[in-house]
Amino acid sequence: MNALAKIAALAVPLSLVAAAAQAESISFWTMEEQPERLARQEAMAKAFTEKTGIEVEIIPVTESDLGKRATAAFAADDLPDVIYFSLQYMQPWAEAGILDIDANTEAVEELGEDTFAPGALALADVDGDYAAVPLDGWTQMLLYRKDLFDEAGLEPPTSYANILKAVDALGNPPEMYGFVAATKIDEDFMSQVLEHVLLANGASPFATDDGFDPKALKESLEFYKAIADASPEGELYWPQSRELYFAGKAAMTIWSPFILDELAGLRDSAPPTINDDPTSTELAEKTGIVTTLSGPSNPDGAAWANINYLGVSTSAEDPDAAIEFIKYSLSDGYAETLGIAPEGKFPVRRGTEDEPEKFTEMWTTLPVGVDRKAPLSDLYPADVIDEIVTGLDTAQRWGAEEGKLAEASRIVTSQVVNQIVRRYIDGEISVDDAVEQINEEIGRL
């Protein structure tokens, strides 16, 4: 064998060794940087390595730093192979070329598109492909006293009309407030609650070339004023909402699912005070939950959702290895993934093609709580669990459908909608003035 033949003979084995070396390690940025949460991710990564031989380097990154870190790493072609990130980054990163859309679409298709919650997957849609793979999320919830609704013969508060009927029937302040609405304008809590209420009626700042559709916005503002009028006076946000509901002095309020363990008496720092036992599950047993609300201009309704995603980056040296890690995170490793905080990590992948409810059922068995632990299935009935999870079917956010999440973020963070709505609630301006001013202000943004 001459020298050239020897080189040719060695070329194929050497290339295979190089490819194998690439596949032996991937890097992973995660927002979950608390020690207990990192430990769970490391356990999941270790199990993945044992199964595949692919090592995973886990790199914690503070969520608020993700944007600038990713931009700098992209410029240097030094992004990690896989990134765990929240919805707000998806569209800007897809447009900038940070996310490998082909690889992420392949991951979704191999897992099975119909195994995901439709709303969570739709938020990742880019011209029929997927910018990233939904991993977990949560929907905002309307909590209501189901026992009082049943006694009064009221329908569940799934619509503006049903909520207003319940406010009239159950409100008797100060013993019982019909609602506790968010009115503190400089709090993100009000922004989230207000967006949820407006989405329910199809009111979006991108509905027309001039902003909100005036009719839908007017209906939404009139409804919001009605529930604010049924609330205590003052600047209200999450502490007052929780305190009044926990004390049995509110028929309805809106909160995130991170209240679920507290509601069931599992956290000593925020116990229910409806009775003398801070560990009691009484209030949880009397509570109903609604995630999808509807208004007169949007009878199908919507849920406000916060979704987190996994994405293969365009710097990934071996996209196939990155895809395998994502697939594992949403299958064999899904219990560890969701177990980080089950009350705030709903399964956006419900199951497999063969077992459509596999992961939903698994999720209900994961323990929640701080000072005491219990699975959600022990705390809440099956219909409540189903409502919590199916909210992801109608998950929406302003700007997501139009590809304008960044513009929507500017509107929300400016707090102009909060400010004008509060002026209307306080009687300083009319509803028509409020509609006009909101569209004028978002037009300037």
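Given the structure is predicted, the values throughout are model-derived calculations rather than measurements. (Residues numbered from 1 in each chain as written. Predicted model: local features only at pLDDT ≥ 70, side-chain atom pairs only at ≥ 80, totals over all residues. Heavy atoms only, no water.)

Concerning the overall build of the protein chain
And step 1. Summing up its helical and strand segments, the protein chain has 21 helices and 15 strands in all.
And step 2. Taking 22 Å as the expected radius of gyration for a compact globule of 445 residues, we find that the protein chain reaches 24 Å, a close match to that expectation.
And step 3. Dimensions of the protein chain along its principal axes, counting C-alpha atoms only, are 95 × 50 × 35 Å.
And step 4. The buried share of the protein chain, reckoned over its 445 residues, is 55%. (Helix = DSSP H or I, 4+ residues; strand = E, 2+ residues; numbered from the N terminus. Rg over C-alpha atoms; globule rule 2.2 N^0.38 Å. Buried < 20%, exposed > 50% of the residue type's maximum accessible area, 1.4 Å probe, protein only.)

What about the pattern of salt bridges?
And step 1. Throughout the structure, instances matching the rule amount to 24 salt bridges.
And step 2. Of the charged contacts in the structure, one is a salt bridge between glutamate 428 and arginine 423, with a shortest N-O distance of 3.5 Å.
And step 3. Several salt bridges share partner residues, and in doing so they unite Glu32, Arg37, Asp136 and Lys345 into one network. (Salt bridge = Lys/Arg side-chain N within 4 Å of Asp/Glu carboxyl O.)

Side note on the packing of helix α10 (residues 214–229) against helix α20 (residues 416–425)
And step 1. Taken N-terminus to C-terminus, the directions of α10 and α20 make an angle of 65°; their axes are 10 Å apart at the nearest point. Helix-helix and strand crossings are classified by hand; for α10 and α20 the assignment is right-handed. Residues Leu221, Glu222, Tyr224, Lys225, Ala228 and Asp229 of α10 pack against Val421, Tyr424 and Ile425 of α20.
And step 2. Among the residues making up the contact of α10 with α20, the classes are represented as 6 nonpolar, no polar and 3 charged. (Axes fitted to C-alpha atoms, helices over the stretch in contact; angles between N-to-C directions. Left-handed = near helix turned anticlockwise from the far one by under 90°. Contact = heavy atoms within 4.5 Å. Nonpolar A, V, L, I, M, F, W, Y, C, P; charged D, E, K, R; others polar.)

Comments concerning helix α18 (residues 382–390)
And step 1. For α18, the full list of buried residues reads Val384, Ile385, Ile388 and Val389. The buried residues of α18 occupy an angular sector of 130° when projected down its axis, which confines them to one face. (Arc of directions from axis to C-beta.)

Quick word on the nonpolar core
And step 1. In terms of nonpolar packing, the biggest core is built from 151 residues, with Phe85, Phe179, Tyr224 and Tyr380 touching the most fellow members.
And step 2. Looking at which element gives the most residues to this core, the answer is helix α9 (residues 188–200), with 8 residues.
And step 3. Apart from the residues lying within four places of it in its own chain, the contact partners of tyrosine 224 are Ala181, Ala182, Met190, Val193, Leu194, Val197, Val421 and Ile425. (Core = buried A, V, L, I, M, F, W, Y, C linked by side-chain atoms within 4.5 Å.)

A closer look at the packing of helix α5 (residues 101–111) against helix α14 (residues 319–329)
And step 1. Where α5 contacts α14, the two axes come as close as 10 Å, and the packing angle between them is 45°. Accordingly, the angle class assigned to the pair α5 and α14 is oblique. Here α5 runs over α14; the crossing is right-handed. Of the residues in α14, those touching α5 at Ala103, Asn104, Glu106, Ala107, Glu110 and Leu111 are Pro319, Asp320, Ile323, Ile326 and Lys327.
And step 2. Here the residues of the contact of α5 with α14 sort into 6 nonpolar, 1 polar and 4 charged. (Parallel < 35°, antiparallel > 145°, perpendicular 65-115°, else oblique.)

Brief notes about the side chain of arginine 349
And step 1. Within the fold, arginine 349 resides in the loop between β12 (346–347) and α16 (358–364).
And step 2. Here the side chain of arginine 349 touches leucine 111 through a polar contact of 2.8 Å, landing on its backbone oxygen.
And step 3. Of the polar contacts made by the side chain of arginine 349, one reaches the backbone oxygen of leucine 330; its length is 2.9 Å. (Polar contact = N/O pair within 3.5 Å; in protein donor to acceptor, adjacent residues only side chain to side chain.)

A short note on the environment of serine 269
And step 1. The residue serine 269 is located in the loop between α12 (260–263) and α13 (282–286) in this model.
And step 2. You can call serine 269 exposed: its relative accessible area is 63%.

Details of the sheet that holds strand β9 (residues 287–290)
Note: strands within a sheet are paired through backbone hydrogen bonds, in either parallel or antiparallel orientation.
And step 1. Pairing is antiparallel in the open sheet, where 3 strands are placed in the order β8-β7-β9. At either margin of the open sheet sits one strand with a lone partner, and together these are β8 (252–255) and β9. Between one strand and the next, the sheet's axes are offset by a mean angle of 30°, whatever the strand orientation.
And step 2. Taken strand by strand, α18 contacts β7 (141–145) and β9, and its axis lies near 25° from that of β9. (Pairing = 2+ DSSP bridges.)

Some words on the confidence of the model for the protein chain
And step 1. For the protein chain, the mean per-residue pLDDT works out to 93, and 95% of the residues sit at or above 70.
And step 2. Low pLDDT, under 50, characterises residues 1–22; the stretch is placed with 4 contacts to residues that sit more than four places away or in other chains. (pLDDT = per-residue confidence, 0-100.)

As for the pairing of β9
And step 1. Side chains of β9 alternate between two faces, with Thr287 and Ile289 and Gly288 and Val290 buried alike.
And step 2. Looking at chain direction, β7 and β9 are connected through 4 bridges and run antiparallel. Bridge assignment links arginine 145 to a residue of β9, and that residue is threonine 287.

A look at unusual backbone geometry
And step 1. Of note, the amide linkage connecting proline 173 to proline 174 takes the cis form, showing an omega dihedral of 0°.
And step 2. Positive phi, normally seen in glycine, also occurs at aspartate 77, with a value near 50°.
And step 3. Secondary-structure assignment places aspartate 77 in the loop between α3 (66–75) and β3 (82–86).
And step 4. Unusually for a residue other than glycine, aspartate 127 sits at a positive phi of about 55°.
And step 5. Relative to the elements of secondary structure, aspartate 127 occurs in the loop between β4 (125–126) and β5 (129–130).

Overview of the packing of aromatic side chains
And step 1. In the structure shown here, the tally under the stated rule is 16 aromatic pairs.
And step 2. Considering the side-chain rings of tyrosine 237 and tryptophan 238, the 6.0 Å spacing of their centres and the 80° angle between planes classify their relative orientation as edge-to-face.
And step 3. Ring pairing ties together the aromatic residues Phe28, Phe48, Phe325 and Tyr328, which thus form one cluster.
And step 4. The ring of tryptophan 29 carries the charged tip of arginine 69 above its face, separated from the ring centre by 5.0 Å. (Phe/Tyr/Trp six-rings, centres within 6.5 Å; stacked < 30°, edge-to-face > 60°. Lys NZ or Arg CZ within 6 Å of the ring centre and 35° of its normal.)

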